[in-house]
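Spelled out, the chains give:
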Amino acid sequence: MRQEKKDPRSASHPVVVRLTHWINVFAMVCMVMSGMGIYNAHPILPFRFPEEMTLGGWLGGSTAWHFAVMWLFVGNGLVYLAFGTASNYLRKRLLNLRLGDLLRDLRLALTFSLRHESHSYNAIQKAMYLGVLLLGGLMLASGLVLWKPIQFGPLTALLGGFDSARIVHFTGMAALLGFLIVHIVMVAVVPKTLLSMVFGTGLLKEKKEKSDGGAA
(Lines give C-alpha, C1' and ligand atoms only; values in the text may rest on other atoms or scores of the structure.)
Protein backbone atom coordinates (compact mmCIF):
# COMPACT_ATOMS: atom_id res chain seq x y z
CA MET A 1 0.00 0.00 0.00
CA ARG A 2 1.44 3.37 -1.01
CA GLN A 3 1.87 5.74 1.90
CA GLU A 4 0.50 9.20 1.20
CA LYS A 5 3.05 11.96 1.60
CA LYS A 6 2.09 14.44 4.27
CA ASP A 7 1.56 17.98 3.08
CA PRO A 8 3.53 20.32 5.37
CA ARG A 9 0.81 22.93 4.97
CA SER A 10 -1.54 20.67 6.92
CA ALA A 11 0.46 21.38 10.09
CA SER A 12 -1.42 23.81 12.27
CA HIS A 13 -0.78 26.03 15.24
CA PRO A 14 -2.28 24.07 18.17
CA VAL A 15 -5.24 25.64 19.92
CA VAL A 16 -3.20 26.22 23.09
CA VAL A 17 -0.56 28.11 21.12
CA ARG A 18 -3.19 30.29 19.44
CA LEU A 19 -4.98 31.06 22.70
CA THR A 20 -1.79 31.93 24.58
CA HIS A 21 -0.65 34.05 21.65
CA TRP A 22 -3.71 36.30 21.76
CA ILE A 23 -3.74 36.47 25.55
CA ASN A 24 -0.09 37.46 25.33
CA VAL A 25 -0.89 40.22 22.83
CA PHE A 26 -3.43 41.69 25.25
CA ALA A 27 -1.06 41.36 28.22
CA MET A 28 1.93 42.87 26.41
CA VAL A 29 -0.04 45.86 25.12
CA CYS A 30 -1.48 46.55 28.58
CA MET A 31 1.90 46.19 30.26
CA VAL A 32 3.62 48.51 27.80
CA MET A 33 0.90 51.17 28.09
CA SER A 34 0.71 50.98 31.89
CA GLY A 35 4.52 50.92 32.02
CA MET A 36 4.57 54.18 30.09
CA GLY A 37 2.26 55.67 32.72
CA ILE A 38 4.59 54.53 35.52
CA TYR A 39 7.58 55.90 33.63
CA ASN A 40 5.92 59.31 33.22
CA ALA A 41 5.59 59.61 37.01
CA HIS A 42 9.36 59.14 37.46
CA PRO A 43 11.16 59.62 34.10
CA ILE A 44 14.71 58.34 33.76
CA LEU A 45 15.29 60.11 30.43
CA PRO A 46 14.47 63.72 29.39
CA PHE A 47 11.13 62.90 27.75
CA ARG A 48 7.64 61.69 28.61
CA PHE A 49 5.16 59.56 26.71
CA PRO A 50 1.91 61.16 25.51
CA GLU A 51 -0.86 60.56 28.02
CA GLU A 52 -3.00 59.05 25.25
CA MET A 53 -0.50 56.18 25.02
CA THR A 54 -0.66 55.35 28.73
CA LEU A 55 -3.05 53.15 30.69
CA GLY A 56 -4.36 53.85 34.18
CA GLY A 57 -4.75 57.63 34.19
CA TRP A 58 -2.36 58.25 37.09
CA LEU A 59 0.54 56.53 38.89
CA GLY A 60 -1.65 54.43 41.17
CA GLY A 61 -3.93 53.36 38.32
CA SER A 62 -1.03 52.52 36.00
CA THR A 63 0.68 50.54 38.77
CA ALA A 64 -2.51 48.60 39.51
CA TRP A 65 -2.92 47.72 35.83
CA HIS A 66 0.74 46.79 35.50
CA PHE A 67 0.80 44.35 38.40
CA ALA A 68 -2.59 42.85 37.58
CA VAL A 69 -1.63 42.12 33.98
CA MET A 70 1.82 40.94 35.09
CA TRP A 71 0.26 37.84 36.67
CA LEU A 72 -1.70 37.18 33.49
CA PHE A 73 1.50 37.56 31.45
CA VAL A 74 3.47 35.20 33.72
CA GLY A 75 0.73 32.58 34.01
CA ASN A 76 0.09 32.62 30.28
CA GLY A 77 3.80 32.29 29.57
CA LEU A 78 4.10 29.29 31.90
CA VAL A 79 1.16 27.59 30.15
CA TYR A 80 2.81 28.19 26.75
CA LEU A 81 6.21 26.89 27.93
CA ALA A 82 4.67 23.84 29.62
CA PHE A 83 2.62 22.93 26.55
CA GLY A 84 5.46 23.70 24.16
CA THR A 85 7.84 21.48 26.10
CA ALA A 86 5.44 18.59 26.69
CA SER A 87 4.24 18.51 23.07
CA ASN A 88 7.70 19.12 21.54
CA TYR A 89 6.23 22.19 19.81
CA LEU A 90 9.12 24.38 20.91
CA ARG A 91 11.74 21.88 19.81
CA LYS A 92 10.13 21.37 16.41
CA ARG A 93 9.21 24.96 15.65
CA LEU A 94 11.75 27.20 17.43
CA LEU A 95 14.67 25.34 19.02
CA ASN A 96 15.91 23.84 15.75
CA LEU A 97 17.53 27.17 14.82
CA ARG A 98 20.95 26.88 13.19
CA LEU A 99 23.47 29.66 12.60
CA GLY A 100 23.89 28.75 8.93
CA ASP A 101 20.15 29.01 8.35
CA LEU A 102 20.04 32.37 10.12
CA LEU A 103 22.87 33.80 8.01
CA ARG A 104 21.23 32.50 4.83
CA ASP A 105 17.85 34.01 5.69
CA LEU A 106 19.47 37.32 6.64
CA ARG A 107 21.04 37.47 3.18
CA LEU A 108 17.67 36.67 1.59
CA ALA A 109 15.96 39.33 3.70
CA LEU A 110 18.46 41.97 2.61
CA THR A 111 17.65 41.21 -1.03
CA PHE A 112 13.88 41.08 -0.33
CA SER A 113 13.83 37.40 -1.34
CA LEU A 114 12.91 35.86 2.02
CA ARG A 115 9.67 33.87 1.97
CA HIS A 116 7.21 33.87 4.86
CA GLU A 117 5.11 30.72 5.22
CA SER A 118 2.12 30.32 7.50
CA HIS A 119 3.01 26.68 8.28
CA SER A 120 6.63 27.15 9.35
CA TYR A 121 8.98 29.78 10.73
CA ASN A 122 12.05 30.96 8.86
CA ALA A 123 15.30 31.37 10.79
CA ILE A 124 14.80 35.10 11.37
CA GLN A 125 11.36 34.49 12.86
CA LYS A 126 12.77 31.75 15.09
CA ALA A 127 15.52 34.07 16.33
CA MET A 128 13.02 36.86 17.01
CA TYR A 129 10.56 34.63 18.88
CA LEU A 130 13.32 33.02 20.95
CA GLY A 131 14.67 36.49 21.66
CA VAL A 132 11.29 37.76 22.86
CA LEU A 133 10.95 34.72 25.15
CA LEU A 134 14.32 35.57 26.73
CA LEU A 135 13.29 39.22 26.86
CA GLY A 136 10.16 38.23 28.74
CA GLY A 137 12.31 36.47 31.33
CA LEU A 138 14.52 39.55 31.69
CA MET A 139 11.48 41.80 32.06
CA LEU A 140 10.11 39.52 34.76
CA ALA A 141 13.41 39.49 36.65
CA SER A 142 13.86 43.27 36.53
CA GLY A 143 10.17 43.77 37.37
CA LEU A 144 10.51 41.64 40.50
CA VAL A 145 13.44 43.81 41.58
CA LEU A 146 11.40 47.00 41.09
CA TRP A 147 8.50 45.44 43.00
CA LYS A 148 10.40 43.95 45.97
CA PRO A 149 14.08 45.04 45.84
CA ILE A 150 14.82 43.90 49.41
CA GLN A 151 13.03 40.57 49.23
CA PHE A 152 14.75 39.78 45.92
CA GLY A 153 18.11 41.06 47.17
CA PRO A 154 20.35 38.61 45.23
CA LEU A 155 18.49 39.41 42.01
CA THR A 156 18.77 43.13 42.77
CA ALA A 157 22.53 42.76 43.20
CA LEU A 158 22.78 40.71 39.99
CA LEU A 159 21.11 43.51 38.01
CA GLY A 160 23.38 46.15 39.57
CA GLY A 161 20.91 47.67 42.01
CA PHE A 162 17.48 49.28 41.88
CA ASP A 163 18.41 52.14 39.53
CA SER A 164 20.12 49.77 37.10
CA ALA A 165 17.08 47.49 37.19
CA ARG A 166 14.91 50.47 36.17
CA ILE A 167 17.13 51.05 33.14
CA VAL A 168 17.08 47.33 32.26
CA HIS A 169 13.29 47.25 32.60
CA PHE A 170 12.81 50.39 30.50
CA THR A 171 15.22 49.13 27.81
CA GLY A 172 13.36 45.82 27.76
CA MET A 173 10.05 47.65 27.35
CA ALA A 174 11.49 49.59 24.41
CA ALA A 175 12.74 46.37 22.82
CA LEU A 176 9.36 44.74 23.40
CA LEU A 177 7.61 47.68 21.75
CA GLY A 178 10.01 47.43 18.82
CA PHE A 179 9.23 43.72 18.48
CA LEU A 180 5.49 44.45 18.44
CA ILE A 181 5.93 47.05 15.69
CA VAL A 182 8.05 44.70 13.54
CA HIS A 183 5.59 41.86 14.18
CA ILE A 184 2.62 43.96 13.08
CA VAL A 185 4.47 45.08 9.93
CA MET A 186 5.32 41.46 9.06
CA VAL A 187 1.67 40.44 9.51
CA ALA A 188 0.59 43.32 7.27
CA VAL A 189 3.05 42.19 4.59
CA VAL A 190 2.02 38.51 4.85
CA PRO A 191 -1.61 38.53 6.06
CA LYS A 192 -2.00 34.75 5.73
CA THR A 193 0.16 34.38 8.83
CA LEU A 194 -2.57 36.16 10.78
CA LEU A 195 -5.21 33.75 9.47
CA SER A 196 -3.09 30.77 10.50
CA MET A 197 -2.80 32.13 14.05
CA VAL A 198 -6.58 32.66 14.20
CA PHE A 199 -7.84 29.47 12.52
CA GLY A 200 -4.78 27.23 12.28
CA THR A 201 -3.00 26.38 9.04
CA GLY A 202 -4.61 23.71 6.94
CA LEU A 203 -8.12 24.25 8.33
CA LEU A 204 -9.72 24.35 4.92
CA LYS A 205 -7.68 21.36 3.83
CA GLU A 206 -8.86 19.33 6.82
CA LYS A 207 -12.49 20.25 6.10
CA LYS A 208 -12.06 19.23 2.46
CA GLU A 209 -10.55 15.89 3.46
CA LYS A 210 -13.48 15.21 5.81
CA SER A 211 -15.93 16.18 3.09
CA ASP A 212 -14.20 13.93 0.57
CA GLY A 213 -14.17 11.07 3.07
CA GLY A 214 -17.88 11.51 3.76
CA ALA A 215 -18.66 11.56 0.04
CA ALA A 216 -16.74 8.33 -0.46
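Sequence order as written defines the numbering, with residues in each chain counted from 1. The predicted nature of this model means local features are confined to residues of pLDDT at least 70 and side-chain atom pairs, given and counted, to a pLDDT of 80 or more, with totals for whole chains, interfaces and linings taken over all residues. Side-chain numbers come from the whole structure's heavy atoms, not from hydrogens or water.

For clarity, the threshold we go by: UniProt positions are given in the numbering used here, feature names are shortened, and annotations may be inferred rather than shown by experiment.
Taking an unreviewed UniProt entry as the reference, the chain is identified by name as Cytochrome b/b6 domain-containing protein belonging to Rhizobium aouanii. The annotation that UniProt attaches to the chain under Subcellular location (unreviewed entry) is "Cell membrane".

**Some thoughts on the UniProt feature "transmembrane region" (unreviewed entry) in the chain**
Applied cut-off: Every helix listed is a DSSP run of H or I at least four residues long, and every strand listed is a run of E at least two residues long, numbered separately from the N terminus.
Following the UniProt record, the feature "transmembrane region" (unreviewed entry) maps to residues 21-44, 64-83, 127-147 and 167-190 here. Helix makes up 88% of residues 21-44 and strand 0%, whereas the separation of the span's terminal C-alpha atoms amounts to 31 Å. In residues 127-147, the share of helix is 100% and the share of strand is 0%. The end C-alpha atoms are 30 Å apart.

**Side note on the pattern of salt bridges**
Which entries qualify depends on this criterion: Whenever Lys or Arg places a side-chain nitrogen within 4 Å of a carboxyl oxygen from Asp or Glu, that contact is recorded as a salt bridge. We call a residue buried when its accessible area falls under 20% of the maximum for its residue type, exposed when it is over 50%, and partly exposed in between, using a 1.4 Å probe and counting protein chains only.
Within this structure, the stated rule accounts for 4 salt bridges. Between arginine 48 and glutamate 51 there is a salt bridge, with its nearest N and O atoms 3.4 Å apart. Note that arginine 104 is salt-bridged to aspartate 101, the shortest N-O span being 3.4 Å. Of this pair, arginine 104 and aspartate 101 are both found in helix H4 (residues 99-110), 3 residues apart, which corresponds to roughly one turn of the helix. Residue aspartate 101 is classed as buried on the basis of its relative accessible area of 19%.

**Describing a nonpolar patch on the surface**
We count it as follows: The patches described consist of residues with a relative accessible area above 30% and no salt bridge, like charges being joined within 9 Å and nonpolar side chains (Val, Leu, Ile, Met, Phe, Trp, Tyr) within 5 Å. The Shrake-Rupley method, run with a 1.4 Å probe, gives the accessible areas here. Residue values count only the displayed protein chains as cover.
A cluster of nonpolar side chains, Val15, Leu19, Ile23, Phe26, Trp65 and Leu72, forms an exposed patch at the surface whose accessible area comes to about 540 Å². Within the residue set of the nonpolar patch, elements represented by two or more residues are helix H1 (15-41) and helix H2 (59-86). Take the nonpolar patch: its biggest share by element is 4 residues, from H1.

**Examining unusual backbone geometry**
Phi is positive for asparagine 88, close to 65°, though the residue is something other than glycine. Along the chain, asparagine 88 falls in the loop between H2 and helix H3 (89-93). Residue asparagine 88 is classed as partly exposed on the basis of its relative accessible area of 31%.

**As for the confidence of the model for the chain**
Test applied: Values of pLDDT, ranging from 0 to 100, describe the predictor's confidence in every residue of the model. The contact criterion used throughout is that any non-hydrogen atoms of two residues lie within 4.5 Å.
Mean pLDDT for the chain: 83, with 86% of residues reaching 70 or above. In this model residues 1-10 is a low-confidence stretch, pLDDT under 50, and it forms 9 contacts with partners more than four residues away in sequence or in other chains. Per-residue pLDDT stays below 50 along residues 202-216; that stretch engages in 5 contacts with residues further than four places along the chain or on separate chains.

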